[in-house]
Amino acid sequence: MTGLDRYQDPLTIQRVLHSTQTIAIVGLSGNELRASHFVGYYLKRHGYRVIPVNPREREILGETSYPSLPDVPVPVDLVNVFRAPDALPAIAREAVAVGAGALWCQFGVINEEGARIAEDGGVSVVMDRCLKVEHARYVGRMHWLGFNTQRITSVRTGLQ
């Protein structure tokens, strides 16, 4: 595996999805039009405990929002990151410090230093993947309907 492939391993993704109960979403927005809000809402609907981490919000999705990962008062299985890539090293350090099992970096959140920090601290890393999309692929409706093709595309072919 080279490049990002090592952070997009299907077995790692499935293990993380099936072993996670509590997800801290760093950068979760209270704005319903933001992708982070939609992902958080989706995850709550699918039985995960979602903990917002956003210093600008007091409450999101009916949950108390915390200013940083160390402020979260419960153990966190997965840290899901909706922040700029340059914020990842600091977030990775916090994920290691709180004993998170995995660090999940959404589409476009790519930072090798952050990934290295997490891995060196014993935290699994998934990078440049959407948690909602991967959940749907392996656990949700796409899986149930037989669409687990390992590939998602917006390209349409043939007559619709």
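In this report, we go over the structure that sits alongside the text.

Quick notes on the rules
- Residues numbered from 1 in each chain as written.
- Predicted model: local features only at pLDDT ≥ 70, side-chain atom pairs only at ≥ 80, totals over all residues.
- Heavy atoms only, no water.
- Helix = DSSP H or I, 4+ residues; strand = E, 2+ residues; numbered from the N terminus.
- Contact = heavy atoms within 4.5 Å.
- Pairing = 2+ DSSP bridges.
- Axes fitted to C-alpha atoms, helices over the stretch in contact; angles between N-to-C directions.
- Phe/Tyr/Trp six-rings, centres within 6.5 Å; stacked < 30°, edge-to-face > 60°.
- Lys NZ or Arg CZ within 6 Å of the ring centre and 35° of its normal.
- Core = buried A, V, L, I, M, F, W, Y, C linked by side-chain atoms within 4.5 Å.
- Buried < 20%, exposed > 50% of the residue type's maximum accessible area, 1.4 Å probe, protein only.
- Right-handed = clockwise from strand over helix to strand, strands pointing away.
- Polar contact = N/O pair within 3.5 Å; in protein donor to acceptor, adjacent residues only side chain to side chain.

Structural notes on the environment of P85
Okay, so step 1: Here P85 shows up in the loop between strand 5 (78-81) and helix 3 (88-97).
Okay, so step 2: Separated by 27 residues in the primary sequence, P85 and E112 place their C-alpha atoms 9.3 Å from one another.
Okay, so step 3: If near-sequence neighbours (up to four positions away) are discounted, P85 is found in contact with G108, V109, I110 and N111.

Looking at the sheet that holds strand 7 (residues 124-127)
Okay, so step 1: The parallel open sheet is built from 5 strands, whose spatial order is 2-1-5-6-7. Edge positions in the open sheet fall to strand 2 (49-53) and strand 7, since each of these has one partner strand only. On average, each strand axis in the sheet is inclined to that of its neighbour by 20 degrees, with strand direction left out of account.
Okay, so step 2: In the sheet, strand 1 (residues 22-26) pairs with strand 5 via 4 bridges, with the strands oriented parallel. When the bridges of strand 5 are listed, I23 appears paired with L78.
Okay, so step 3: Of the strands in this sheet, strand 6 (102-105) and strand 7 touch helix 4 (residues 112-120), which is tilted by about 155 degrees from strand 7.

Topic: the packing of aromatic side chains
Centre-to-centre distance and the angle between the planes together describe a pair of aromatic rings.
Okay, so step 1: Evaluated as defined, the whole model comprises 0 aromatic pairs.
Okay, so step 2: Across the ring face of Y42, the terminal group of K132 is positioned such that the distance to the ring centre comes to 4.6 Å.

Remarks on the nonpolar core
Okay, so step 1: Ranked by internal contacts, the top residues of the largest apolar core, which has 24 residues, are L69, V79, V81, L88, I91, L103 and M127.
Okay, so step 2: Only strand 1, strand 2, strand 5, helix 3, strand 6, helix 4 and strand 7 provide two or more residues apiece to this core.
Okay, so step 3: Per-element tally for this core: the top contributor is helix 3, with 4 residues.
Okay, so step 4: Setting aside chain neighbours within four positions, we find L88 in contact with V81, L103, C105, V109, N111, G114 and M127.
Okay, so step 5: Counting 22 residues, the second largest nonpolar core, distinct from the first, contains V39, L43, V50 and W104.

Describing the pairing of strand 5
Okay, so step 1: Residues L78 and N80 line one face of strand 5 and the alternating positions V79 and V81 line the opposite face, and both faces are buried.
Okay, so step 2: Both strand 5 and strand 6 contribute to a ladder of 4 bridges, which runs parallel. Residue L78 lies in a different strand from strand 6, and its bridge partner there is A102.
Okay, so step 3: For the handedness criterion, the β-α-β arrangement of strand 5, helix 3 and strand 6 is classed as right-handed.

Considerations on the side chain of E134
Okay, so step 1: On the secondary structure map, E134 appears in helix 5 (residues 131-138).
Okay, so step 2: With near-sequence residues (within four places) excluded, E134 lies in contact with I13, L17, W104, R129 and V139.

Things to note about the environment of Y7
Okay, so step 1: In this fold, Y7 is placed in the segment before helix 1 (10-19).
Okay, so step 2: The spatial distance from the C-alpha of Y7 to the C-alpha of C105 is 9.4 Å, given a sequence separation of 98 residues.
Okay, so step 3: With sequence-adjacent residues up to four places away left out, Y7 is seen in contact with E112, A115, E119, V125, V126 and M127.
Okay, so step 4: A distance of 3.5 Å separates a polar atom in the side chain of Y7 from a polar atom in the side chain of E112.

Read these as layout, nothing more, since geometry by itself doesn't imply function.
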